[in-house]
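Spelled out from the first residue to the last, the chains are:
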Amino acid sequence: MARQAPWTHNNMNIDVIDIASDNVNIDLVDIGSDNVNIDLVDIGSDNVNIDLVDIGSDSTDEVESEDVESIATDLSTDLNNEGGNSNSGGDVGERQREQNEESPSEEQSMSFELIRTPPDLRIEMPEEPPDISSAHPSQSTAPSLEPQLAGPAQVQETNVASAEARQPQEPPPASEPNIQAGPSHQVTPEKAKPAPSPQSDEDGQICPICFEPWSNSGDHHLSSLKCGHLFGYSCIDRWVKGKGARCPQCNGKAMKKDIRVLYANALTALDTSERDRVMKDLQAERKLRKKLEFEHTKTKLSFNLQMQELTKLHEELRLLKNTTALNSCSMGVTLSQSGGGNSQREMRLVMHSIFEISKDGGCRVMVFNDWLKMLLLSMPSQVAMFPGYGVKKLNMTDMKTDRFVPLHQKQIRDLAFNPAKNDLLLSVGMDKKVKLTNMSSNALVVSYTAESPLWCCCWNTDDANQFYVGTARGRVVQYDTRNTAGPHRTITVVGLGPVVSMCYVSSKSNANCNFNTPGLIVARLQSCYFVELKDDTTRDHQLPLEGPFTSVSLEEKTKHILVSCRPCQKYPHARHLFCALEKVNSINDDGFMSHSFTANIVFELRGGTTQRVLSRSCIISSPDGDNIACAGDESTQSTCLWDLSSGKPVQQLKGMDTVIDILPVKSHENVYLSLLTEKTVKFYMWADQL
C-alpha cells in the first residue's frame, strides 16, 4: 500500500487501525498543517515505510499505542534488515536533512506509535485538493476534504468478522512509551507564491490566458487583437486557430490575421476617469456658454430692432396727429394768418423704413441712380467662401433689397454713376483697382490698376468719357474710358495725406450762378484746392479754408460747396463750411491780367466734439425748394439739418448708430433722405407739420 498527498490543512489527523497488509507505505510530502497527529494501531504489515518530506507543522502530537514491545521489536527488525524494503525514522531523518539543505526550516518534532494488527486492512486516503495558488488554470480542482480530515481515515475492511476472531485480548498498557520515527529536524515549509489573478495589480503585466508575464521579445511577445485586449503571442496564436475563434476577454470574433505585435517595455493603465469627467463637464459648460452667448446676441438684436420699430411708430403717430390737425383746419377751423394771409406750414422729416444690409457691419458709401431707381450700398461679402467687397442693390420702386454684386477684394471707398450712360458704375477701393461695371447685367466692363490705394472718384459732367480718382499719395489720376491701357494724366496736389474727397465743377452756367470755369474741388487732410482744368493744362488754387477735412459736396445749381472738417485742437467742434466759389481777376506785376479762385464762407455750421469716422455730408433740397445741409453728429448719434438760407438748425434726427453717408433719393413722387450706418440704411420722408 502506497499513498502520497501534498496537503495543506490546519489540523491533520491520520489514524491507521488494524492493518494486516504486507507492505505499508505512507508518504507525507509538503504538508503545511499546523498540527500533525499519526496513530498506527495494531498493524500486521511486514514492511512499514514512512516518508516525511518538507513538513511545515508547527507541532506534532505524541500518540499512544498498544503493544509497544511488539511494535519496537518489529520496527527494529525492519530497520536492521539489509535486504528488506523498510524505511522508517532514519529514512525520514535523512530526507529531512536533504530538505533542510535546500531551504532552512524551523525545528519541529513528530511522534508516532506502531502496534501490530491483522494483515487484512489497507488505508484509503482521501484525495486532497491541489494548491490553488500554484496550480495551472487548466487543472481541475477536487472538492474540499475537510470533513474527511476531521476524523480518522476511512478504512475499507475486507474480512471484518475473521479479523475480529483472530484478534487477541489486548492487555492494558503498562506505560506510554513514545517511539519517534527519527530525530527532530528543523523543517521550514516552502511557501508557494500565489498565482497572479485577473483582479491583482499586475493586470497590465501578465497574459490572461496563461497567467504568465509577457515579454517584449520571443514567442510570448506582447500582442493584441483588434478589440484591444492584450495577450502573449504564443497563447493567443494557439487560441485563435480554427474557425469560430473568439477573444477570451470580450468574446468578440477574432482571427489570426487580427493579431498585432506590440512593442512596449511595460504597460501602465492610468486612471483618467476623473479627468474624463472634468473634460466632459468642461465641454458641457462650453456648449452651454456658446448657447447663452447666441441667445444673448439674438436678444440684443431683437431689442435693437424693437427700439427702431418703436421710434418709427412714434414718428408715424406724430405724423398722424399732424395730418389730423391739418384736416380739421381744412374743414372750417380758421387759422391765424400773418402778412399776406398764407397759413404757416413747416416740412419735417419722419422715419419711413429701415433695412439691415450687413449683420457684421462694413458698409461705407452709397450712390443713387435715378434712371434705374436703384440705390447701391457698399458692403463686405456675407459668404466666407467668397471673401471681398461689393454692392447691395435696393430697388426704390418697391423698397426691396436685390442681389449682391462682388466688385473688389478690399474695402470700397467711393462709387459714382456715369452722367450719360446711366447703368455704368465707377468704383474704387483699397485694393488699388478702378472698375467700371454695367449694373444692368452685373458685368465688368473694364478694370484699371493704380499705383496706390484709392480713396475717392468722380465723373467729368462735361465729358462723360473722363473720370478722376484720388489716391492715398495725394495725386489725382485722370482716366478716359476710350483708352483701356492706362491713365490719361496725373495731377499732383500740394499738401499732406490722401485725397479724402473731391467733386467736379461743371463749366455750364445758369441763371443762379455765372461761375463757368471747369475744375475739381480736391480736399486732402490738411488742404483744400480748386484745380482749374483748361485743355490739357491744370492749375492749382488753394482755398482759404482750414482742416482737417473729411468731405466735399457740391450744389450744382448755385455752385456752392459744403466742406466738412473734423474737430481739432484749434477747433474743438466739427465744422461744416457752406462756401460760395468765386473767380477773382487781378493785374500782376508785369501788367497782365490774371485770375485766381477763392471760396467765401457763407455759414459756418457747428456739430459735435467727437468724430472718429470720415463721414460724409451733403446738400439737399426740401419740398419747398430750400437748400438744407445734412451732416452726422457722432457725439450724439444723430443727424443734424441746417437751413442754408438762414444758417439755423432745422431738425435733429436721433438714432442709435453713427451715420457714415447721407444721400437724397427719389421714388415716384416721394423724396427720401437715406442715412447709411455700418449695418443698416434708414429712410426718412418729408411730411407737413404746423
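These numbers come from a predicted model, not from an experiment.

**Considerations on the overall build of the protein**
So, point 1. A count of helical and extended segments in the protein gives six helices and 41 strands.
So, point 2. Buried residues in the protein amount to 43% of all 690 residues.
So, point 3. If you take every contact in the protein between residues at least 6 apart in sequence, the share linking residues at least 24 apart comes to 55%.
So, point 4. Surface summary for the protein: the accessible area is close to 38000 Å², and the carbon and sulfur share equals 49%.

**Observations regarding the environment of Gln651**
So, point 1. Here Gln651 lies in strand β38 (residues 648–654).
So, point 2. When its relative accessible area of 7% is taken as the criterion, Gln651 is described as buried.
So, point 3. Taking the C-alpha atoms as reference, Gln651 lies 8.0 Å from Leu349; in sequence the two are 302 residues apart.
So, point 4. In this view, Gln651 contacts Arg348, Leu349, Thr639, Cys640 and Leu641; residues no more than four positions away in its chain are not counted.

**So, the side chain of Lys435**
So, point 1. Along the chain, Lys435 turns up in strand β21 (residues 433–438).
So, point 2. No salt bridge is formed by the buried Lys435; the nearest opposite charge belongs to Asp431, separated by 5.3 Å.

**Overview of unusual backbone geometry**
So, point 1. That bond from Gly547 to Pro548 is cis: its omega, 5°, falls within 30 degrees of zero.
So, point 2. By secondary structure assignment, the location of Pro548 is in the loop between β30 (537–542) and β31 (549–555).
So, point 3. Although it is not a glycine, Phe211 adopts a positive phi angle of roughly 60°.
So, point 4. Despite not being glycine, Lys373 has its phi angle at roughly 50°, a positive value.
So, point 5. Its location among the elements puts Lys373 in the loop between β15 (366–369) and β16 (374–380).
So, point 6. Among the residues examined, Lys373 registers a relative accessible area of 25% and is labelled partly exposed.

**Some details on the sheet that holds strand β26 (residues 489–492)**
So, point 1. Strands sit in the order β23-β24-β25-β26 across an open sheet of four strands; the sheet is antiparallel. In this open sheet, the two strands that pair with only one neighbour each are β23 (454–459) and β26. Neighbour to neighbour, the strand axes of the sheet diverge by 20° on average, direction disregarded.
So, point 2. Summarising the sheet, strand β24 (residues 466–471) and strand β25 (residues 475–480) pair through five bridges and their orientation is antiparallel. Each residue of the ladder has a partner; that of Tyr468, found in β25, is Gln478.

**So, the sheet that holds β30**
So, point 1. Read across the open sheet, the four strands follow the order β27-β28-β29-β30; overall the sheet is antiparallel. At either margin of the open sheet sits one strand with a lone partner, and together these are β27 (499–505) and β30. For this sheet, the mean inter-axis angle between neighbouring strands, taken without regard to orientation, is 20°.

**Section: the side chain of Thr639**
So, point 1. Relative to the assigned elements, Thr639 resides in strand β37 (residues 638–643).
So, point 2. Classification of Thr639 as buried rests on a relative accessible area of 0%.
So, point 3. Apart from residues no more than four positions distant in its own chain, Thr639 is found in contact with Ala631, Gly632, Gln651, Gln652, Leu653, Val659, Ile662 and Leu675.

**A look at the nonpolar core**
Where a protein is soluble and globular, its nonpolar side chains tend to be buried together.
So, point 1. One finds Ile521, Leu543, Leu545, Ile561 and Val563 to be the most contacted residues of the largest nonpolar core, which totals 24 residues.
So, point 2. With near-sequence residues (within four places) excluded, Ile521 lies in contact with Ser501, Met502, Cys503, Val505, Cys528, Tyr529, Phe530, Leu543, Val552, Ile561 and Leu581.

**Topic: a nonpolar patch on the surface**
So, point 1. On the surface, a cluster of nonpolar side chains totalling about 350 Å² of accessible area is made up of Phe303, Met307, Leu310 and Met656.
So, point 2. Accessibility expressed as a relative area gives 49% for Phe303, which makes it partly exposed.

**Overview of the pairing of β30**
So, point 1. Here six bridges tie strand β29 (residues 528–534) to β30, and the two strands are oriented antiparallel to one another. For Glu532, the partnering residue across the bridge sits in β30 and is Arg539.
So, point 2. The hairpin formed by β29 and β30 contains two residues between the paired strands, and Asp535 there has a positive phi angle of roughly 55°.

**Here's the deal with the pairing of strand β35 (residues 618–621)**
So, point 1. Relative to strand β36 (residues 627–633), β35 runs antiparallel, the two sharing four bridges. Bridge assignment links Ser621 to a residue of β36, and that residue is Asn627.
So, point 2. From the end of β35 to the start of β36, which pair antiparallel, there are five residues, and Gly625 there has a positive phi angle of about 95°.

**Here's the deal with the packing of aromatic side chains**
So, point 1. Enumeration according to the criterion identifies eight aromatic pairs in this entry.
So, point 2. Considering the side-chain rings of Tyr448 and Phe467, the 6.2 Å spacing of their centres and the 55° angle between planes classify their relative orientation as tilted. Here Phe467 lies in strand β24 and Tyr448 lies in strand β22 (residues 443–449), a separation of 19 residues in the sequence. Accessibility classification places Tyr448 together with Phe467 in one group, the buried group.
So, point 3. Aromatic side chains Phe467 and Tyr479 sit 5.3 Å apart centroid to centroid with 10° between the ring planes, which places their arrangement in the stacked category.

**Remarks on the pattern of salt bridges**
So, point 1. Inspection of the entire model under this criterion finds 12 salt bridges.
So, point 2. Taking the shortest distance from any N to any O, the salt bridge between Glu274 and Arg277 comes out at 2.4 Å. Taken as a pair, Glu274 and Arg277 lie in helix α6 (residues 273–330) at a separation of three residues, close to a single helical turn.
So, point 3. Of the charged contacts, one joins Asp370 and Lys373 as a salt bridge, the two residues approaching to 3.0 Å between their closest N and O atoms.
So, point 4. Among the charged side chains, a network of salt bridges with common partners joins Glu274, Arg277 and Asp281.

**Observations concerning the confidence of the model for the protein**
So, point 1. Confidence in the prediction for the protein averages 75 pLDDT; 65% of positions are at 70 or higher.
So, point 2. Overall, residues 1–9 carries pLDDT values under 50, and its contacts beyond four positions in sequence, including any with other chains, amount to 38 contacts.
So, point 3. Predicted confidence is poor over residues 56–73, with pLDDT under 50, and the contacts of this stretch with residues over four places away or in other chains come to 56 contacts.

**A few points about the state of the cysteines**
Note on terminology: a disulfide is the covalent bond linking the sulfur atoms of two cysteines.
So, point 1. Under the defined criterion, the tally for this structure stands at zero disulfides.
So, point 2. With no disulfide partner, Cys227 has as its closest neighbouring cysteine sulfur the one in Cys247, 3.6 Å distant.
So, point 3. Free of any disulfide, Cys630 has its nearest neighbouring cysteine sulfur in Cys618, separated by 5.0 Å.

**Details of the environment of Gln409**
So, point 1. Following the sequence through the fold, Gln409 ends up in the loop between β18 (400–408) and β19 (412–417).
So, point 2. When the C-alpha positions of Gln409 and Gly388 are compared, they lie 4.2 Å apart, and in sequence the two are 21 residues distant.

**Quick look at a positive patch on the surface**
So, point 1. Together, Lys226, Arg246, Lys253 and Lys257 make up a region of like positive charge exposed at the surface.
So, point 2. Inspection of the secondary structure assignment puts Lys253 in the loop between α5 (233–239) and β13 (260–261).

**So, the environment of Thr449**
So, point 1. Mapped onto the fold, Thr449 is located in strand β22.
So, point 2. Of the residues examined, Thr449 reaches a relative accessible area of 53% and is grouped as exposed.
So, point 3. Between the alpha carbons of Thr449 and Pro487 there is a distance of 9.3 Å; along the sequence they are 38 residues apart.
So, point 4. Those residues in contact with Thr449, other than ones at most four positions away along the chain, are Lys432, Lys433 and Tyr479.
So, point 5. Engagement of the side chain of Thr449 in a polar contact is seen with the side chain of Lys433, the distance being 2.9 Å.

Rules used in this analysis
Residues numbered from 1 in each chain as written. Predicted model: local features only at pLDDT ≥ 70, side-chain atom pairs only at ≥ 80, totals over all residues. Heavy atoms only, no water. Helix = DSSP H or I, 4+ residues; strand = E, 2+ residues; numbered from the N terminus. Buried < 20%, exposed > 50% of the residue type's maximum accessible area, 1.4 Å probe, protein only. Contact = heavy atoms within 4.5 Å. Areas by Shrake-Rupley, 256 points an atom, 1.4 Å probe, with all protein chains shown as cover. Lys, Arg positive; Asp, Glu negative; His and termini not counted. Salt bridge = Lys/Arg side-chain N within 4 Å of Asp/Glu carboxyl O. Pairing = 2+ DSSP bridges. Axes fitted to C-alpha atoms, helices over the stretch in contact; angles between N-to-C directions. Core = buried A, V, L, I, M, F, W, Y, C linked by side-chain atoms within 4.5 Å. Patch = residues over 30% accessible without salt bridge, like charges linked within 9 Å, V, L, I, M, F, W, Y side chains within 5 Å. Phe/Tyr/Trp six-rings, centres within 6.5 Å; stacked < 30°, edge-to-face > 60°. pLDDT = per-residue confidence, 0-100. Disulfide = S-S within 2.5 Å. Charge placed at Lys NZ, Arg CZ, Asp CG, Glu CD. Polar contact = N/O pair within 3.5 Å; in protein donor to acceptor, adjacent residues only side chain to side chain.

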